[in-house]
Amino acid sequence: MSVEKIMVIGAGQMGSGIAQVCAMAGYSVYLQDLKQEFVDRGLGIINKNLSRQVEKGRMAADEKEAILARISSSTDINNASEVDLVIEAAVENMEIKSKIFAELDKIAPAHAILATNTSSLPITEIAASTNRPEKVIGMHFMNPVPVMKLVEIIRGLATADEVYSTIEEITKKLDKVPVEVNDFPGFVSNRILMPMINEAIYTLYEGVASVEAIDEVMKLGMNHPMGPLTLADFIGLDTCLYIMETLHEGFGDDKYRPCPLLRKYVKAGWLGRKSGRGFYTYA
């Protein structure tokens, strides 16, 4: 399967990062979102990232301009009719994703692969909203996308071998490391990471130690680059809660029950860095 043109749906932190690495690898990219202001914000993030590389001498100014020139902004999902691969990076919600994939199924060419950057939702269920489940696959990038090397590639029940091989090859071209994972809630990364974060929140909730102490123990004792509560703030507490709920519902096991303190913070609007307050306060 030949892939030359890619559409990334969702111009947020993940989507803009995916669009950036695709353009850096030489692909023509549509960065699509519902409103032009969202797309412009995403393009601004890409421009800032690339400018930093130029300032550090890791990239020439003309190379930066060539990368930006390969990215086209879009607020029209019908542009999917021109691409070979769609990577969806919209909000982590099954109803929204299923609706997007049903729409893409009608618009995208018959040969096009439809990939989702979901961090926890079942690929098989997303694929069921299309008439091409064999061409639906999971491509779970890590945040921040331009820096992190891992991409979890998740087959749905019907994903064709040829589709998997194509996505594996593209992932390597993006200078990432593909790891094959089966279609279970949370895959590997979040099935292990989120319960650890949730347990750290329980440790705070039960008064075992302070926020700072919990993070110091995991950094200095377990050699983690950042503490679990700092990481939760970085990911977004609403995202952490949603993934824990997906794990709890998917496995029906109370070991995945979200901590009541996590629910309380999300209800209060304390979502972490993006809201200015989570387990820490941000200026």
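Position numbers for residues count from 1 along each chain, tracking the sequence in the order it is written. Whole-chain, interface and lining totals are the exception, using all residues; otherwise, since this is a predicted model, local features are given only for residues with pLDDT of at least 70 and side-chain atom pairs are given and counted only at 80 or more. With hydrogens and water set aside, each side-chain value is computed from the structure's full complement of heavy atoms.

## A look at the layout of surface pockets
It is a probe the size of a water molecule, rolled over the atoms, that shows where empty space is left. The calculated volume of the second largest pocket comes to roughly 650 Å³. Around the second largest pocket, the lining comprises 27 residues; the ones closest to its centre are Gln-20, Asn-49, Val-145, Pro-146 and Val-147. Each residue belonging to the lining of the second largest pocket can be placed in one class, and the counts come to eleven nonpolar, seven polar and nine charged. Residues are said to line a cavity or pocket when one of their atoms sits within 4 Å of a point; the points come from a 1 Å grid over protein atoms alone, cavities being sets where a 1.4 Å probe fits but cannot get out and pockets being open sets with protein on both sides within 12 Å along at least five of seven lines. Grid points are joined across faces, edges and corners, and a volume is the space filled by probe spheres set on the points. Think of it as three bins: nonpolar holds Ala, Val, Leu, Ile, Met, Phe, Trp, Tyr, Cys and Pro, charged holds Asp, Glu, Lys and Arg, and polar takes everything else, Gly as well.

## Focus on the UniProt feature "domain: 3-hydroxyacyl-CoA dehydrogenase NAD binding" (unreviewed entry) in the protein chain
UniProt positions are given in the numbering used here, feature names are shortened, and annotations may be inferred rather than shown by experiment. In the numbering used here, UniProt assigns the feature "domain: 3-hydroxyacyl-CoA dehydrogenase NAD binding" (unreviewed entry) to residues 5-183. Strands are runs of DSSP state E lasting at least two residues, helices are runs of H or I lasting at least four, and both sets are numbered from the N terminus onward. Measuring from the first to the last C-alpha atom of residues 5-183 gives 27 Å, for a span that is 41% helix and 22% strand.

## Things to note about the packing of helix 7 (residues 189-205) against helix 8 (residues 211-222)
In this analysis an axis means a line fitted to C-alpha atoms, helices contributing only their contacting stretch, and an angle means the value between N-to-C directions, from 0 to 180 degrees. At a closest axis distance of 9 Å, the pairing of helix 7 and helix 8 adopts a crossing angle of 140°. In terms of axis orientation, helix 7 runs oblique to helix 8. For the pair helix 7 and helix 8, the crossing hand works out as right-handed. Along its contact with helix 7, which presents Met-196, Ala-200, Thr-203 and Leu-204, the element helix 8 presents Val-211, Ile-214 and Met-218. Of the residues assigned to the contact of helix 7 with helix 8, the class counts are six nonpolar, one polar and no charged. To sort the angles, those under 35 degrees are grouped as roughly parallel, those over 145 as roughly antiparallel, those from 65 to 115 as roughly perpendicular, and the leftovers as oblique. What makes a crossing left-handed is the near helix being turned counterclockwise from the far one by less than a right angle; a clockwise turn instead makes it right-handed. In what follows, residue pairs with any heavy atoms lying within 4.5 Å of each other are defined as contacts.

## Focus: the sheet that holds strand 6 (residues 136-141)
Strand order in the open sheet made by the eight strands is 3-2-1-4-5-6-7-8, with mixed pairing throughout. Of all the strands in the sheet, just strand 3 (71-74) and strand 8 (177-181) have a single pairing partner and so form its edges. Each strand of the sheet is rotated relative to its neighbour by a mean of 25°, with strand direction disregarded. Strand pairing is assigned whenever DSSP identifies at least 2 bridges connecting the two strands. Here four bridges tie strand 1 (residues 5-9) to strand 4 (residues 85-88), and the two strands are oriented parallel to one another. Residue Val-8 lies in a different strand from strand 4, and its bridge partner there is Ile-87. Its contacts with the sheet put helix 4 (residues 94-107) on strand 1, strand 4, strand 5 (113-116) and strand 6, and the angle it makes with strand 5 is roughly 165°.

## Examining unusual backbone geometry
Pro-144 follows Asn-143 through a cis peptide bond whose omega is 0°. Along the chain, the position of Pro-144 falls in the loop between strand 6 and strand 7 (150-155). A positive phi is found at Phe-187, a non-glycine position, where the angle reads about 55°. Tracing the chain through its elements places Phe-187 in the loop between strand 8 and helix 7. Residue classification places Phe-187 among the buried residues on the basis of a relative accessible area of 3%. With a phi angle near 60°, Asn-223 is a residue other than glycine that sits in the positive phi range. Position of Asn-223 relative to the elements: it lies in the loop between helix 8 and helix 9 (228-235). The exposed category is assigned to Asn-223, whose relative accessible area is 68%. Per-residue accessibility, obtained with a 1.4 Å probe over protein chains only, is compared with the maximum for each type, and a residue is labelled buried under 20%, exposed over 50%, and partly exposed between these values.

## Here's the deal with the packing of aromatic side chains
A pair of Phe, Tyr and Trp rings is counted when the ring centres sit within 6.5 Å of each other, with Trp represented by its six-membered ring. The angle between the planes then sorts it: under 30 degrees is stacked, over 60 is edge-to-face, the rest tilted. If you walk through the whole model with that rule in mind, you get four aromatic pairs. Geometrically, the ring pair formed by Tyr-265 and Phe-279 is tilted, given 5.1 Å between the ring centres and 35° between the ring planes. Note that Tyr-265 is positioned in helix 11 (residues 260-267) and Phe-279 in the segment after helix 11, a separation of 14 residues in sequence. Given a relative accessible area of 15%, Tyr-265 falls into the buried group. Given the relative accessible area of 9%, Phe-279 is considered buried. Ring-pair connections join several aromatic residues into one group, and the members of that group are Tyr-265, Trp-270 and Phe-279. Cation over ring: Arg-155 sits above Tyr-164, and NZ or CZ is 4.4 Å from the ring centre. As a reminder, the over-ring test applies to NZ of lysine and CZ of arginine, requiring each to be within 6 Å of the ring centre and within 35 degrees of the ring normal. The positively charged end of Lys-173 is found above the aromatic ring belonging to Tyr-27, 4.5 Å away from the centroid.

## Focus on a positive patch on the surface
A patch is a set of surface residues, each over 30% in relative accessible area and not in a salt bridge, joined within 9 Å for like charges and within 5 Å for the nonpolar side chains Val, Leu, Ile, Met, Phe, Trp and Tyr. Every accessible area reported is derived by Shrake-Rupley at a probe size of 1.4 Å, with residue values counting cover from the shown protein chains alone. Salt bridges, as used here, are contacts in which a Lys or Arg side-chain nitrogen is within 4 Å of a carboxyl oxygen on Asp or Glu. Asp and Glu count as negative and Lys and Arg as positive, but His and the ends of the chain are not part of the count. Charged side chains are reduced to one point each, which is NZ for Lys, CZ for Arg, CG for Asp and CD for Glu. On the surface, a cluster of positive charge is contributed by Lys-48, Arg-52, Lys-56 and Arg-58. On the secondary structure map, Lys-48 appears in helix 2 (residues 36-55).

## Focus: the environment of Tyr-242
As for its position among the elements, Tyr-242 is in helix 10 (residues 237-251). For Tyr-242, a relative accessible area of 25% gives the class partly exposed. Distance in space between the C-alpha atoms of Tyr-242 and Pro-258 is 9.0 Å, their sequence separation being 16 residues. In this view, Tyr-242 contacts Glu-92, Asn-93, Met-94 and Leu-121; residues no more than four positions away in its chain are not counted.

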